[in-house]
Structure formats: C-alpha cells, structure tokens
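# Per-entry structural report
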Amino acid sequence: MDALRRWGAMVATDLRQRIRQPRFVWLLGLLVVGAWFCLPPTGGGGMRVTVGEARAYYSSAWIGMALALCGSTLLSLIGFYAVRGSIARDIDSRGWELLMATPMTRAGYLLTRYLGILAVFGLFLGAMATTGLVAQTVRGEVADWQLWQLLQPLLWVMLPALAVTAAAIVWFDLLPWLRGTAGNVLFFFVWVAMLGAGTAAVLESAAGRQPGY
C-alpha cells in the first residue's frame, strides 16, 4: 500500500509540473476553440462531421462522436510536441541516475511518466467534453444532456489514440536518436502515414457499400 501511495504521489507530481507550463494553458485554449469550431451552427460553415450530406442533430452522442474524430486526429499530433520532453530532461540533467539510485525501478519510472502524460491528455479530454456540453446548450437542437452518451466516443475512440501517442512520447524521449529533431520529423511522417491509411480505409469501405462495387 505504501508503494502504491508513493507511485500515486509521483504521478500527481508529474501532472502538476506539466500543467504549470505555459504551453499547457495555450494548448488547452487551442483545444477548446477547436472543439467549438467542430460544432458550427446549423447552416453555417466550419469543420463539421457528416455522413454523406447528412448531419445528425446536436445530441450528446453526436457531439461526442464529432469531438472524438476531430480531437483524436489533432491532439495526437499537437499533443506529441506539446507534452514530450520530460524524460529527455531527466536524462540530460542526470536526474535519471538519481532516480535509479532509489528503490524505484526503470519500469516504474517509465510507467509513472506514461501515466502522467495520460493524465494531461485526460484533462484535455475533459475540457473538450465540457465544451461539447456548452455547444449542445447553445445550439439548442437537443436540450437533454446525456453525459455518458457524450463521453463514450471520447473514451472508446479518442482515448486509445492518445494512449498510443503517450507511448510514442515515452519511446521517442527514451531513445537517443529519436530525442531531438530527427524524432520530431519522424513522428510527423508517421502521423501523416497513419492518417492516410485511416482515410483510405474509410473511403474503401464507403466505396464497397455503393451499388456496382
């Protein structure tokens, strides 16, 4: 139990260090604005999730799906560059060596950093969910809030994508040849390739549903 408390305290400390950085506030504001523009007014322009030419009413479930699709794409890229660097700083400052002199294992240290990154992403997810509820009220198409219906797409679609991004942050910070500019460039091309593969799969699936295919 004592070990679990120490581990939780280290995760909380890591989270506090991250949210005190100015880039956390900037990214949080950017995500709130981006989430709002993912849900434009009826008949207006802007980034809108549709099925063909149709758009569902702004219910909690549809807003959650729209935010999950937009957020998992954008935050998986922006979040990588905004959140990474803590492990690299520990290595460069020799803090890594001090930690290895304690009872903490390497696996425990990396897990702590990984969960700290996920906690930051969880705050971003919560901010987007709150923005979605505000948008549902302002748009006024469906008055009833269904919080679980809104959160499900964020948890099942967006959170796994962010978990993969968090793992990439840990590995890119840990490996020397991925710690600097080369890692930043490589991740961008990996992100583009994954986005292209996902888009191609969706288009192929849509073409397969059309008559004559």
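Residues numbered from 1 in each chain as written. Predicted model: local features only at pLDDT ≥ 70, side-chain atom pairs only at ≥ 80, totals over all residues. Heavy atoms only, no water.

Another aspect to go through is helix 7 (residues 147-174). Relative to the 40 Å expected for 28 residues at 1.5 Å per residue, helix 7 spans 38 Å between its end C-alpha atoms, a close match to the ideal helical length. Residue M158 marks the point of greatest curvature in helix 7, where the axis turns by about 35°; the proline P160 follows within four residues. Within helix 7 the residues assigned to the buried category are L150, P153, L154, M158, L162, T165, A166, A168, I169, V170, F172 and D173. (Helix = DSSP H or I, 4+ residues; strand = E, 2+ residues; numbered from the N terminus. Expected span 1.5 Å × (residues − 1). Bend = angle between axes of the 7 residues up to and from the residue. Buried < 20%, exposed > 50% of the residue type's maximum accessible area, 1.4 Å probe, protein only.)

Our focus in this paragraph is the packing of helix 3 (residues 60-83) against helix 7. Direction vectors running N to C along helix 3 and helix 7 enclose 10°, while the axes themselves pass 7 Å from each other. The angle between helix 3 and helix 7 falls in the class roughly parallel. The class makeup of the residues in the contact of helix 3 with helix 7 is 19 nonpolar, eight polar and no charged. (Axes fitted to C-alpha atoms, helices over the stretch in contact; angles between N-to-C directions. Parallel < 35°, antiparallel > 145°, perpendicular 65-115°, else oblique. Nonpolar A, V, L, I, M, F, W, Y, C, P; charged D, E, K, R; others polar.)

Along the chain, Q136 turns up in helix 6 (residues 106-139). Classification of Q136 by relative accessible area gives buried; the value is 1%. Not counting residues up to four positions away in its chain, the partners in contact with Q136 are Y58, S59, S60, I63, E141, V142, A143, D144 and W145. (Contact = heavy atoms within 4.5 Å.)

The predicted structure's coordinates, where accompanied by low pLDDT, should not be read in detail. Per-chain confidence: the chain averages 78 in pLDDT, with 77% of residues scoring 70 or above. Put simply, helix 5 (residues 95-100) is where the chain has its lowest mean pLDDT, 65, and helix 7 is where it has its highest, 89. (pLDDT = per-residue confidence, 0-100.)

Let's shift gears to the packing of aromatic side chains. Under the definition given, this model contains nine aromatic pairs. Here F80 and F172 contribute two aromatic rings whose centre-to-centre distance is 5.4 Å and whose plane-to-plane angle is 85°, an arrangement assigned as edge-to-face. On the criterion of sequence distance, the pair formed by F80 in helix 3 and F172 in helix 7 is long-range, its members being 92 residues apart. Judged on exposure class, the residue F80 and its partner F172 are both buried. Aromatic pair F80 and F187: ring centres 3.7 Å apart, planes at 5°, arrangement stacked. Highlighted residues: F80 in helix 3 and F187 in helix 8 (residues 181-209), separated in sequence by 107 residues. On the basis of relative accessible area, F187 is assigned to the buried category, the value being 7%. (Phe/Tyr/Trp six-rings, centres within 6.5 Å; stacked < 30°, edge-to-face > 60°.)

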